[in-house]
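Single-letter residue listing:
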Amino acid sequence: IGMGEAALAVLTRDEYPRDWAISQDNVGQSFLHLRTGNRDENLQAALSRFALALGALDPAEFPADWAGVQTDNGIAYAHLRSLPPEHNLGQALACYAATLAVYKEREFPLKWAATQANIGALHLQLAGLGVPGAAAESVKAMEAALRVLNSDSNPTQWAQAHMNLGTAVREQDPERALKCYQTALRALTPANHPDLWASAQDLLGGLYATRSEDPDP
């Protein structure tokens, strides 16, 4: 944070708008990842810096920089807890949706897929809050992401997308959810991704337990 503030003591928005905005974004990212202090206060500080950066970046002139800050903005809103979750998740969705004006599937396939996966994860959280249609939107976004992601080049994102897809379809189609969790585990081991592997095992075990409790037809 100190290094970013030092840079901002020299740069001005009028003379160096892009460099000034990038420095603001860097300070924002530092607050976003800060491990000390109040988490929500850090996130609010990050959001204020991202807003300053976005105010200085013309998306027509600096599209990639602008989209990168929007992504950071979305991450911060997704983790914010001091406002109603529907508000925070809605703001995060708006940020990610905005980046899709820049991150086209053909030109930026991995960033497009990562954004779709983020959108799917946010809709999944909204589904957990009982928002109508959110689960279907999550499925749509996860299926889009998986058009690009694969287990060889993007194993972690690929596995996470399958896990989220499984959770999104679990109520309506438990058999498909089962296949999604099993597919995710093909890319995960206790050695390479212990936390994600354990989460996938928990999801799979919970689904098996639910099925065993269902009465016979």
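About the criteria used
- Residues numbered from 1 in each chain as written.
- Predicted model: local features only at pLDDT ≥ 70, side-chain atom pairs only at ≥ 80, totals over all residues.
- Heavy atoms only, no water.
- Helix = DSSP H or I, 4+ residues; strand = E, 2+ residues; numbered from the N terminus.
- Contact = heavy atoms within 4.5 Å.
- Buried < 20%, exposed > 50% of the residue type's maximum accessible area, 1.4 Å probe, protein only.
- Axes fitted to C-alpha atoms, helices over the stretch in contact; angles between N-to-C directions.
- Parallel < 35°, antiparallel > 145°, perpendicular 65-115°, else oblique.
- Left-handed = near helix turned anticlockwise from the far one by under 90°.
- Nonpolar A, V, L, I, M, F, W, Y, C, P; charged D, E, K, R; others polar.
- pLDDT = per-residue confidence, 0-100.
- Salt bridge = Lys/Arg side-chain N within 4 Å of Asp/Glu carboxyl O.
- Expected span 1.5 Å × (residues − 1).

Participant: Outline the environment of leucine 52, listing residues and values.
Facilitator: Among the secondary structure elements, leucine 52 is positioned in helix 3 (residues 39–56). With 11 residues separating them in the primary sequence, leucine 52 and glutamate 41 have C-alpha atoms 17 Å apart. Sequence-distant contacts of leucine 52, that is, excluding residues within four places in its chain, are made with Trp20 and Gln24.

Participant: An account of the environment of alanine 92 is requested, with residue identities and associated values reported.
Facilitator: Here alanine 92 lies in helix 5 (residues 85–99). Its relative accessible area of 0% is what places alanine 92 among the buried residues.

Participant: How would you summarise the side chain of asparagine 154 if you had to cite specific residues and measurements?
Facilitator: Along the chain, the position of asparagine 154 falls in the loop between helix 7 (134–145) and helix 8 (155–169). The class of asparagine 154 is buried, set by a relative accessible area of 9%.

Participant: Explain the packing of helix 2 (residues 17–32) against helix 3 residue by residue, including any values.
Facilitator: Their axes nearest at 8 Å, the elements helix 2 and helix 3 cross at an angle of 165 degrees. Classified by the angle between their axes, helix 2 and helix 3 sit roughly antiparallel to one another. As helix 2 packs across helix 3, the resulting crossing turns out to be left-handed. Note on element contacts: helix 3 touches helix 2 through Arg39, Asn42, Leu43, Ala45, Ala46, Arg49, Phe50, Leu52, Ala53 and Ala56, opposite Pro17, Trp20, Ala21, Gln24, Asp25, Val27, Gly28, Gln29, Phe31 and Leu32. Taken together, the residues of the contact of helix 2 with helix 3 break down into 13 nonpolar, 4 polar and 3 charged.

Participant: Tell me about the confidence of the model for the chain, and name the residues and values.
Facilitator: Confidence in the prediction for the chain averages 92 pLDDT; 93% of positions are at 70 or higher. Confidence, expressed as mean pLDDT per element, reaches its minimum in the chain at helix 1 (residues 2–10) with 66 and its maximum at helix 7 with 98.

Participant: Break down the pattern of salt bridges for me, citing the residues and quoting the values.
Facilitator: In the structure shown here, the tally under the stated rule is 3 salt bridges. Where arginine 18 meets aspartate 65, a salt bridge forms, and the shortest distance between an N and an O atom there is 2.5 Å. Taken as a pair, arginine 18 in helix 2 and aspartate 65 in helix 4 (residues 63–79) lie far apart in primary sequence, 47 residues in all. Here glutamate 143 makes a salt bridge to arginine 176, at a shortest N to O gap of 2.6 Å. Linking glutamate 143 in helix 7 with arginine 176 in helix 9 (residues 174–185), this pair joins segments that are 33 residues apart in sequence. Looking at arginine 176, the relative accessible area reads 31%, which means it is partly exposed.

Participant: Explain helix 6 (residues 109–128) residue by residue, including any values.
Facilitator: With 20 residues, helix 6 extends 29 Å between its outermost C-alpha atoms, agreeing within 8% with the 28 Å of an ideal straight helix rising 1.5 Å per residue. Every buried residue belonging to helix 6 is among Trp112, Ala113, Thr115, Gln116, Ala117, Ile119, Gly120, Leu122, His123, Leu124 and Leu126, and all of these are buried. Just downstream of helix 6, glycine 130 is the residue with a positive phi angle, here 85 degrees.

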